[in-house]
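# Observations on chain architecture
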Amino acid sequence: MVDAGDETKGASKFGLVRRELFWVAPLAVATLAVTGLLLLVDPSTGIGFANILAVPIGIVGVGVAVLAIRLANQPQMSGGEFQGRPSLARVSSVVAISLAVVFFFIIRLANFFWPSHDSLDYLKGRTVKIGVNGNLPGWSYGSGKGFDGFDIDVANFLADRIGFVPKFIPLNPGRREDALASGEVDLVIASYSITHERERNIDFAGPYFLDEAGIFLNTGKGKKKGQTVCFTEGTTAQDNLKADLVNQPYKPESEGTVERCLSRFFQQDDRVVGIATDKSILEAFKGKSRKEAKLDVVGENREEKIGVGMPNNSPNLCGEISKLLNSFMTSKWKEAFNDNLAPLGVKKDGQNPSSTSLSHCGTS
């Protein structure tokens, strides 16, 4: 005849463990399955190893925490006799440690699925929306079926190094800052000049190109009454035009796009005799359209620093992209220039910066 105390003692050794296996075992299998699926993803193009390891560690941590709480609340056995539940201090300690483990897992899980916008992890493995001009020969030219140009080469370089799929979205110059602020685009790579005024609202990585900006005249049109200088709304030319036209007989006239200004500038019978823009943009458009024009400059040109625009308060993301742009300038800049701008007649004249500057990221 089996003693009741022996039965109770056997239950104390194996009963609780067997009961817990009904949920511990499926959890372990599910953990292995999830980890295996994540490891099939190339971490260099999406999920990083640290985040992959955080998933099984976190799941195991939660499982251990739940198991510890359940076992801590079971009556204790001693010599085959139930001795009552554990002390409040012991249970409280187990619960506190368990909650700490769970909290760590939740934080890691949040970073895994919703990484900070101020990091390269936010761009990895995603379709990243990039604002471009879309109609500037040599810079970004094409349609939804495909774009090419110097800015497109910059974007593709970043996409390859970071591990994302670029989606190019044409933007008028006047909409670039609003598009970044609203989330319509993640980055702007659109011959985008770095200015103090813009740096109040967005961050810039760069510069990756140095250009000259000013007012260029098509002297082949002669001098006629009512002639104007065209500028594009939302560009640096708009800010500088008033001072540039002091003591000049021309009136300013705005257009919504750079290509519209350029088209009118080269039309012989149009009243637009001047254009306020960047020198390389003008030269590339002239080469693409094969327009003949005698050019002159009003006043002195200003240096324009071209950079990658991103949402404000993104110092870490900005710093990392600046490092990648340094790599681009030493390894791919010359090739991109020769492929896109040189064939259109843009002459290489010190446009490649020696390095980027973190000061445009809001850091020094």
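Reading the values: the criteria
- Per chain, residues are indexed from 1 in the order of the written sequence.
- Predicted model: local features are reported for residues with pLDDT of at least 70 only, side-chain atom pairs are reported and counted for 80 or more only, and whole-chain, interface and lining totals are derived from all residues.
- The basis for every side-chain value is the complete set of heavy atoms in the structure, and neither hydrogens nor water enter the calculation.
- Helix and strand assignments follow DSSP, with helices taken as H or I runs no shorter than four residues and strands as E runs no shorter than two, numbered in order from the N terminus.
- The buried label applies to any residue whose accessible area, calculated with a 1.4 Å probe on protein chains only, is under 20% of its type's maximum; exposed applies above 50%, and partly exposed to all values in between.
- Only heavy atoms matter for contacts: two residues are in contact if any of them lie within 4.5 Å across the pair.
- What sets the accessible areas is the Shrake-Rupley method with a 1.4 Å probe; for residues, cover comes only from the shown protein chains.
- Note on pairing: DSSP must find at least two bridges between two strands before they are called paired.
- Cysteine sulfur atoms are paired as a disulfide whenever they come within 2.5 Å of each other.
- Neither His nor the chain ends is counted toward charge; the positive residues are Lys and Arg and the negative residues Asp and Glu.
- The term salt bridge refers to a pairing of a side-chain nitrogen on Lys or Arg with a carboxyl oxygen on Asp or Glu at a separation within 4 Å.
- Think of a polar contact as two N or O atoms within 3.5 Å of one another; within protein, one of them needs to be a possible hydrogen donor and the other a possible acceptor, and neighboring residues in sequence only count if both atoms come from side chains.
- Axis lines are fitted through C-alpha atoms, for helices just across the contact stretch, and the angle between N-to-C directions can take any value from 0 to 180 degrees.
- Here the word oblique covers every angle except those under 35 degrees (roughly parallel), over 145 (roughly antiparallel) and from 65 to 115 (roughly perpendicular).
- Put simply, a crossing is left-handed when the front helix is turned counterclockwise from the back one by less than a right angle, and right-handed when it is turned clockwise.
- Geometry of aromatic contacts follows a simple scheme: Phe, Tyr and Trp rings, the Trp one being its six-membered ring, pair when their centres are within 6.5 Å, and the pair is stacked under 30 degrees between planes, edge-to-face over 60, tilted otherwise.
- Cation placement over rings: the criterion is NZ of Lys or CZ of Arg within 6 Å of the ring centroid and within 35° of the ring normal.
- Space inside and on the surface of the protein is sampled on a 1 Å grid over the protein atoms alone, with a cavity defined as a set of points where a 1.4 Å probe fits but cannot get out and a pocket as an open set with protein on both sides within 12 Å along at least 5 of 7 lines; lining residues have an atom within 4 Å of a point.
- Grid points are joined across faces, edges and corners, and a volume is the space filled by probe spheres set on the points.
- Any residue that is not Ala, Val, Leu, Ile, Met, Phe, Trp, Tyr, Cys, Pro, Asp, Glu, Lys or Arg is counted as polar, Gly included; the first ten are nonpolar and the last four charged.

Secondary structure summary: the protein contains 11 helices and 13 strands in total. Taken across its 364 residues, the protein has 42% of its residues classed as buried. Look at the contacts in the protein between residues 6 or more apart in sequence, and 72% of them connect residues 24 or more apart. Of the accessible surface of the protein, which amounts to about 19400 Å², a share of 56% is contributed by carbon and sulfur atoms.

Ordered in space as E4-E5-E6, the 3 strands form an open sheet in which the pairing is antiparallel. Edge strands, defined here as strands with exactly one partner in the open sheet, are strand E4 (135-136) and strand E6 (146-148). Looking at chain direction, strand E5 (residues 140-143) and E6 are connected through 3 bridges and run antiparallel. Note on E6: the bridge partner recorded for Gly-142 is Phe-147.

This brings us to the state of the cysteines. If you walk through the whole model with that rule in mind, you get 2 disulfides. One disulfide in the model links Cys-230 with Cys-261; its S-S distance is 2.0 Å. Disulfide Cys-230 to Cys-261: torsion about the S-S bond roughly -75°, handedness left-handed. Of this pair, Cys-230 sits in strand E10 (residues 228-232) while Cys-261 is found in helix H8 (residues 258-266), placing the two residues 31 residues apart along the sequence. This pair shows no difference in class: Cys-230 is buried, exactly as Cys-261 is. Disulfide pairing is shown between Cys-318 and Cys-361; the S-S distance is 2.0 Å. Disulfide Cys-318-Cys-361: torsion about the S-S bond near -70°, hence left-handed. On the criterion of sequence distance, the pair formed by Cys-318 in helix H10 (residues 315-331) and Cys-361 in the segment after helix H11 (333-340) is long-range, its members being 43 residues apart. Overall, Cys-318 belongs to the buried group, its relative accessible area being 0%.

Checked against the element boundaries, Asp-203 lands in strand E9 (residues 202-218). The buried charged residue Asp-203 lacks any salt bridge partner; its closest oppositely charged side chain belongs to Arg-200, at an N-O distance of 12 Å. Within polar-contact distance, the side chain of Asp-203 engages the backbone nitrogen of Asn-313 at 3.2 Å. What Asp-203 contacts, discounting residues up to four positions off in sequence, is Val-308, Gly-309, Met-310, Pro-311, Asn-312, Asn-313, Ser-314, Pro-315, Cys-318, His-360 and Cys-361.

Time to look at the packing of helix H4 (residues 150-162) against H10. Viewed as axis vectors pointing N to C, H4 and H10 meet at an angle of 120°, and their least axial separation amounts to 10 Å. Taken together, the axis directions place H4 and H10 in an arrangement best described as oblique. At the point where H4 passes H10, the crossing takes the right-handed sense. Within the contact between the two elements, H4 uses Phe-150, Asp-153, Val-154, Phe-157, Leu-158, Arg-161 and Ile-162 and H10 uses Ile-321, Leu-324, Leu-325, Ser-327, Phe-328 and Ser-331.

Here we come to unusual backbone geometry. Both trends apply: most residues other than glycine have a negative phi, and most peptide bonds are in trans. Residue Pro-207 is reached from Gly-206 by a cis peptide bond, and omega for that bond is 5°. Assignment of secondary structure puts Pro-207 in strand E9. One non-glycine residue, Ser-191, adopts positive backbone phi at about 45°. Among the secondary structure elements, Ser-191 is positioned in strand E8 (residues 187-193). The buried category is assigned to Ser-191, whose relative accessible area is 6%. With a phi angle near 60°, Asn-313 is a residue other than glycine that sits in the positive phi range. As for its placement among the helices and strands, Asn-313 is situated in the loop between strand E13 (295-311) and H10.

Turning our attention to the packing of aromatic side chains. Scanning the model with the defined rule gives 13 aromatic pairs in all. Ring geometry for Phe-150 and Phe-209: centres 5.4 Å apart, planes at 75°, overall edge-to-face. Residue Phe-150 is found in helix H4, and its partner Phe-209 is found in strand E9; the two are separated by 59 residues along the sequence. Like Phe-150, the residue Phe-209 is buried in the burial classification. Summarising the aromatic geometry, the rings of Phe-150 and Trp-333 are spaced 5.7 Å apart at their centres and angled 75° between planes, so their arrangement reads as edge-to-face. With Phe-150 in helix H4 and Trp-333 in helix H11, this residue pair connects regions lying 183 residues apart in the sequence. Taken together through their ring pairs, the aromatic side chains of Trp-139, Phe-150, Phe-157, Tyr-208, Phe-209, Phe-328, Trp-333 and Phe-337 make up a single cluster. Taking the ring centre of Tyr-122 as reference, the NZ or CZ of Arg-126 above it sits at 4.2 Å.

This model, assessed by the stated rule, comprises 1 cavity of 30 Å³ or more. Quantified by volume, the largest cavity comes out at close to 180 Å³. Ser-191, Thr-235, Thr-277, Asp-278 and Ile-281 are the residues nearest the centre of the largest cavity, which is lined by 18 residues in total. Of all the elements in the fold, those that place two or more residues in the lining of the largest cavity are E8, helix H7 (236-244) and strand E12 (272-278). Residue composition of the lining of the largest cavity, by class: 8 nonpolar, 7 polar and 3 charged.

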